[in-house]
Amino acid sequence: MASKTRTGGKALRWVLVVLLGTLILSACDQKAISELEEGVSTEADVREKFGAPEAVWDGPDGAQIYEYNRQPEGYQNWQITIGPDGKMAALRQVLNPRSFAQIQPGMPMETVRKLLGKPMKITPYALKKETHYDWRWRNGPNTSDSQVFTVIFDTDLKVVSTQTGPDPDLDRSR
């Protein structure tokens, strides 16, 4: 009985640490976002508020897209577009149904990665000859709205299908 309680206590502590980290990241992001303005803020302003980007992608017309990933603990992946004039042209959270709808069978993994940012988890299934990329996101404002969007790739890392389901970490906290 004692080991069951200890295991349950460790799981509860882990969930509390993840939730606290998520709240801190979310609060920091919201403060940084409120201090930036499209068309006015510069690349330097963005780096001051968000730090160095996780990745930098080439965008249209000489723009650069900065990726700020909040996976695996968070629920957002931010993309900030810096125009050729050095000013912030757009700031968006890409883990949402509109972005997910753009993922189509046959699409290469790198294109998916550029659309959604770094996944929270990558799981190869050798026997099925598939690799699953998972992103945690929220389909609403509450923790209970947590979902996982999965993109299933074949051995050539081309999209086979997608699926959305409940976040398995929600069950661990109960």
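What you are looking at is a predicted structure, and each value in this text was computed from that prediction instead of being measured.

Basis of the calculations
Residues numbered from 1 in each chain as written. Predicted model: local features only at pLDDT ≥ 70, side-chain atom pairs only at ≥ 80, totals over all residues. Heavy atoms only, no water. Helix = DSSP H or I, 4+ residues; strand = E, 2+ residues; numbered from the N terminus. Buried < 20%, exposed > 50% of the residue type's maximum accessible area, 1.4 Å probe, protein only. Contact = heavy atoms within 4.5 Å. Areas by Shrake-Rupley, 256 points an atom, 1.4 Å probe, with all protein chains shown as cover. 1 Å grid on protein atoms, 1.4 Å probe; cavity = no way out; pocket = protein on both sides within 12 Å on 5 of 7 lines; lining within 4 Å. Points joined across faces, edges and corners; volume = space filled by probe spheres on them. Nonpolar A, V, L, I, M, F, W, Y, C, P; charged D, E, K, R; others polar. Arc of directions from axis to C-beta.

A. Representation of the overall build of the chain. Looking only at helices and strands, the chain features 5 helices and 8 strands. Reading the helices (α) and strands (β) of the chain from amino to carboxyl end gives α-α-β-β-β-β-α-α-β-β-β-β-α. Out of the 174 residues in the chain, the part that is buried amounts to 38%. Across the chain, every contact between residues at least 6 apart in sequence was considered, and the portion connecting residues at least 24 apart equals 38%. With an accessible surface of roughly 10,200 Å², the chain has 55% of that area assigned to carbon and sulfur atoms.

B. Molecular detail of the layout of surface pockets. By volume, the second largest pocket is sized at about 160 Å³. Surrounding the second largest pocket, 11 residues form its lining, Met120, Lys121, Arg136, Pro168 and Asp169 being those nearest its centre. When residues in the lining of the second largest pocket are grouped by element, the largest group, 3 residues, is from helix α5 (residues 168-172). Counted by class, the lining of the second largest pocket contains 4 nonpolar, 1 polar and 6 charged residues.

C. Molecular detail of helix α4 (residues 109-116). Turning to α4, its buried residues number three or more, namely Val112, Arg113 and Leu116. In a view along the axis of α4, the buried residues occupy a sector of 100°, so they form one face of it. Positive backbone phi, at 85°, marks glycine 117, one or two positions downstream of α4.

Function-wise, these values are silent; they only describe arrangement.
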